[in-house]
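# Structural overview
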Amino acid sequence: MDLTHFKDGKPQMVDVTEKPKTFRAATAEAFVELTEEALLALEKGGVGKGDPLTVAQLAGIQGAKKTADLIPLCHPLPLTGVEVKVELLREEKRVRIEATARTKAETGVEMEALTACAVAALTVYDMLKAASKGLVISQVRLLHKAGGKSGEWRREG
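A short tour of the structure in this document, coming up. What you are looking at is a predicted structure, and each value in this text was computed from that prediction instead of being measured.

Let's shift gears to the pairing of strand E4 (residues 79-89). Bridging between E4 and strand E5 (residues 94-105) involves ten bridges; their strand directions are antiparallel. Among the inter-strand pairings, glutamate 83 is bridged to a residue of E5, identified as threonine 100. In textbook terms, the turn of a hairpin is the stretch between consecutive antiparallel strands, and for E4 and E5 this stretch comprises four residues, one of which, lysine 93, has a positive phi near 55°.

What follows is the structure, encoded as structure tokens:
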């Protein structure tokens, strides 16, 4: 399979001019593994900058909207919806982030969902780094995508 972002060995933005606008959606997730100190800071009601999980939720939405500014060959898309859920999994000592992006466009929104998760996870780190520098961001991954030429895809397991 040829990589679509290269032509004659050079990077290119894929030309989607002739593609129809169709509904597309993607869902991704990420985790932030917490230290005991960071978990305690979260449970006490946050840190001096505010509630880390609420701020991360807003940051994730903003990240999805800025994806084309961050990823060089991404198309700017008219997002019709972005949902970001941020939850503390206390027993697992980690935060789970899930983001869903939707559009009616010529290309998919996988990168927007992934970027939302990554930015939200980085925000959790930023908000809790005063309590602990040992946080780990992991498993930034696509869970599901729908629409477009390749149709539906869902991560198994």
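Time to look at the environment of alanine 101. Note on placement: alanine 101 falls in strand E5. In this structure, the C-alpha to C-alpha distance between alanine 101 and valine 82, residues 19 residues apart in sequence, is 4.5 Å. Residues in contact with alanine 101, not counting those within four places in the same chain, are Arg24, Ala25, Ala26, Leu79, Gly81, Val82, Val109, Glu112 and Ala113.

Turning our eyes to something else, we now look at the nonpolar core. Core analysis: the biggest nonpolar cluster contains 31 residues, and Val32, Leu34, Val86, Val95, Ile97, Val124 and Leu128 have the highest contact counts within it. Where this core is concerned, the elements lending two or more residues are strand E3 (22-33), helix H1 (36-43), helix H2 (52-65), E4, E5 and helix H4 (110-128). In terms of residue count, the dominant contributor to this core is H4 (eight residues).

Here we come to the side chain of histidine 75. Topologically, histidine 75 is positioned in the loop between helix H3 (67-70) and E4. In contact with histidine 75, other than residues within four places in its own chain, are Met13, Val14, Val16, Ala68, Thr107 and Glu112.

Cut-offs applied
- Residues numbered from 1 in each chain as written.
- Predicted model: local features only at pLDDT ≥ 70, side-chain atom pairs only at ≥ 80, totals over all residues.
- Heavy atoms only, no water.
- Pairing = 2+ DSSP bridges.
- Helix = DSSP H or I, 4+ residues; strand = E, 2+ residues; numbered from the N terminus.
- Contact = heavy atoms within 4.5 Å.
- Core = buried A, V, L, I, M, F, W, Y, C linked by side-chain atoms within 4.5 Å.
- Buried < 20%, exposed > 50% of the residue type's maximum accessible area, 1.4 Å probe, protein only.

Function cannot be read off these values alone, since they describe shape.
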